[in-house]
Amino acid sequence: MIGRIHIKHAIKHVTGRMAVAQQTLTGVSATNQACILAYHRIADIDFIDSRVDDWNVRPDMFEQQIRAASEFGEIIPLADLPAKLSSKRPPQRPWVCLTFDDGFANFYLNAVPILKRYNAHATLFVATSQVDAVQPMPFDRWGNQYAPQMSAETWRPITWDELQCCLDSTVVSIGSHSHQHQNALECSAEQLNDEAERSRDILISKLGRESARLYAYPYGSTRLGQVNDAYVASVKRAGYELAVSTDLGMAKDSSDRFAMPRIEAHPLDNAAIIRAKMNGSLSPYLFTDRLRKSRRR
């Protein structure tokens, strides 16, 4: 049966091939911009549910993507990006930042060994209320459906001990993905303040201030109202230094430091597609991005 997720994957694959064709025509960009790649789950899942997206990239494909990113570009820590962009010096190779949302244990189990192998730095954004949880995260529809029949590696939230091990690896930074992963469309200004402040306080107490500098908005679209003025104000007031959205685009010096755009890393992205994304060949994606609706998960 062909369902919504199969159609979504097909569109992403065709769009990726179009982006590769665009790069072939336009060549490599020399402007000082950066591609912030967004990931979620890195696990061995050998099927696709036609109705529920797993937001997963298999470890073998993830390694191919990281290899391509390290060969074609320069992988830099997200926290270093503003200084890079404001330097006005075009990069010799495209800059790319690696980010992971939600806080799955499979980041530590499957992604970190690959990151270490390529000395590739990444930022993991965790929903602090879910760290150390023994059940699937409430917002993880795929995990809640398949937890009874799948290995815990595919859905389990990361633990505080595993987060410390990630930091000890020296290739990982930690940031906040809010406290309870609320959608700003359904929250009051007071709730948004609590989401930003409480998660930062917890990260400081558990991991130190270096792990409380960066923020990733849940759901994260400014166009759809999931990142609004009240939420941005809450994140600034809480003391974060930079925040990323899910708005599609390349990060530039002119980008809002509290709503930096990102680009999804898709499970079907081969090396050529990753290179096209890093080069900013996004016209095909900008067209399909308009199809996004407010219910993302």
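This is a predicted model, so every value here is computed, not measured.

A.B. asks: Looking at this model, I keep getting lost on empty space enclosed by the protein. Mind explaining?
C.D. replies: If a probe as big as a water molecule is rolled over the atoms, it shows which places are left empty. Under the definition given, this model contains two cavities of 30 Å³ or more. As for the largest cavity, its lining consists of 14 residues, and the residues nearest its centre are Trp55, Asn56, Glu264, Ala265 and Pro267. Elements represented by at least two residues in the lining of the largest cavity include exactly α1 (4-26) and β1 (34-39). Residues that form the lining of the largest cavity fall into these classes: six nonpolar, four polar and four charged.

A.B. asks: Looking at this structure, how should I read the packing of helix α2 (residues 59-72) against helix α4 (residues 105-117)?
C.D. replies: When two helices pack together, their arrangement is given by the angle between the helix axes and by the axis-to-axis distance. Across the interface, α2 lies against α4 with an axial gap of 10 Å and an inter-helix angle of 30°. Judged by the angle between their axes, α2 and α4 are roughly parallel. For the element pair α2 and α4, the recorded crossing hand is right-handed. Seen from α2, the contacting residues are Pro59, Phe62, Glu63 and Ile66; seen from α4, they are Asn110, Ala111, Ile114, Leu115 and Arg117.

A.B. asks: Would you take a moment to explain the side chain of Arg41 for this structure?
C.D. replies: Looking at the element boundaries, Arg41 is found in the loop between β1 and α2. From its side chain, Arg41 meets the backbone oxygen of Thr154 in a polar contact 2.9 Å long.

A.B. asks: Honestly, the pairing of strand β3 (residues 95-100) in this entry has me stumped. Any pointers?
C.D. replies: In regular strands, side chains alternate between the two faces of the sheet. In terms of burial, β3 is a largely internal element, six of the six residues being buried. Burial along β3 is two-sided: Trp95, Cys97 and Thr99 facing one way and Val96, Leu98 and Phe100 facing the other are all buried. Pairing between β1 and β3: six bridges, direction parallel. Residue pairing across strands places Ala38 opposite Thr99, the latter belonging to β3. Strand direction decides the pairing type here: strand β2 (residues 74-75) and β3, joined by two bridges, are parallel. Bridge pairing links Ile75 to Val96 in β3.

A.B. asks: I keep staring at the pattern of salt bridges and nothing clicks. Help me out?
C.D. replies: Two side chains carrying opposite charge are able to pair once their charged atoms lie near each other. Across all of its chains, the model carries 13 salt bridges by this definition. Put simply, Arg58 and Asp60 hold a salt bridge, and the shortest N to O gap is 3.6 Å. Under the relative-accessibility criterion, Arg58 is labelled partly exposed at 31%. Where Glu162 meets Arg156, a salt bridge forms, and the shortest distance between an N and an O atom there is 2.9 Å. Among the residues examined, Glu162 registers a relative accessible area of 11% and is labelled buried. Overlapping salt bridges, with partners in common, bring together Asp44, Arg58 and Asp60 in one network.

A.B. asks: How should the environment of Ser245 be read in this particular structure?
C.D. replies: Locating Ser245 in the fold gives a position in strand β7 (residues 242-248). Spatially, the C-alpha atoms of Ser245 and Lys116 are 26 Å apart, while their sequence positions differ by 129 residues. Excluding residues that lie within four positions of it along the chain, Ser245 makes contacts with Tyr217, Gly220, Ala259, Met260, Pro261 and Arg262. At a separation of 3.1 Å, a polar atom in the side chain of Ser245 contacts the main-chain amide nitrogen of Asp247.

A.B. asks: Teacher, can you tell me more about α2 here?
C.D. replies: Residues that lie three or four places apart on an α-helix share one face, since the helix turns once every 3.6 residues. In this model α2 runs 20 Å from its N-terminal to its C-terminal C-alpha over 14 residues, within 8% of the 20 Å that 1.5 Å per residue would give. Residues of α2 that are buried: Pro59, Met61, Phe62, Glu63, Gln65, Ile66, Ala68, Ala69 and Phe72. In the core, the buried residues of α2 are packed alongside β1, β2, β3, α4 and α9 (271-279).

A.B. asks: What should I look at first to understand the packing of helix α7 (residues 189-207) against helix α8 (residues 229-238) in this one?
C.D. replies: α8 packs onto α7 with a crossing angle of 35° between their chain directions and a minimal axis gap of 9 Å. Viewed along their axes, α7 and α8 form a crossing whose handedness is right-handed. Here Ala189, Leu192, Asn193, Glu195, Ala196, Glu197 and Arg200 of α7 come into contact with α8, specifically with Ala230, Tyr231, Ser234, Val235, Arg237 and Ala238. In the contact of α7 with α8, the residues fall into seven nonpolar, two polar and four charged.

A.B. asks: It is not clear to me how the state of the cysteines should be interpreted in this structure. Could you clarify?
C.D. replies: Each disulfide consists of a covalent bond between the sulfur atoms of two cysteine residues. Per the counting criterion, the structure on display carries zero disulfides. With no disulfide of its own, Cys35 lies 8.4 Å from the sulfur of Cys97, the closest cysteine sulfur. We classify Cys35 as buried; its relative accessible area is 0%.

A.B. asks: Mind showing me how you'd approach the packing of aromatic side chains here?
C.D. replies: Aromatic ring pairs are defined here through the distance separating the ring centres and the angle between the ring planes. Across all of its chains, the model carries eleven aromatic pairs by this definition. Here the aromatic residues Tyr39, Phe62, Phe100 and Phe107 are joined through ring pairs into a cluster of three or more. The side chain of Arg200 reaches across the aromatic face of Tyr240, ending 5.9 Å from its centre.

Calculation notes
Residues numbered from 1 in each chain as written. Predicted model: local features only at pLDDT ≥ 70, side-chain atom pairs only at ≥ 80, totals over all residues. Heavy atoms only, no water. 1 Å grid on protein atoms, 1.4 Å probe; cavity = no way out; pocket = protein on both sides within 12 Å on 5 of 7 lines; lining within 4 Å. Points joined across faces, edges and corners; volume = space filled by probe spheres on them. Helix = DSSP H or I, 4+ residues; strand = E, 2+ residues; numbered from the N terminus. Nonpolar A, V, L, I, M, F, W, Y, C, P; charged D, E, K, R; others polar. Axes fitted to C-alpha atoms, helices over the stretch in contact; angles between N-to-C directions. Parallel < 35°, antiparallel > 145°, perpendicular 65-115°, else oblique. Left-handed = near helix turned anticlockwise from the far one by under 90°. Contact = heavy atoms within 4.5 Å. Polar contact = N/O pair within 3.5 Å; in protein donor to acceptor, adjacent residues only side chain to side chain. Buried < 20%, exposed > 50% of the residue type's maximum accessible area, 1.4 Å probe, protein only. Pairing = 2+ DSSP bridges. Salt bridge = Lys/Arg side-chain N within 4 Å of Asp/Glu carboxyl O. Expected span 1.5 Å × (residues − 1). Disulfide = S-S within 2.5 Å. Phe/Tyr/Trp six-rings, centres within 6.5 Å; stacked < 30°, edge-to-face > 60°. Lys NZ or Arg CZ within 6 Å of the ring centre and 35° of its normal.

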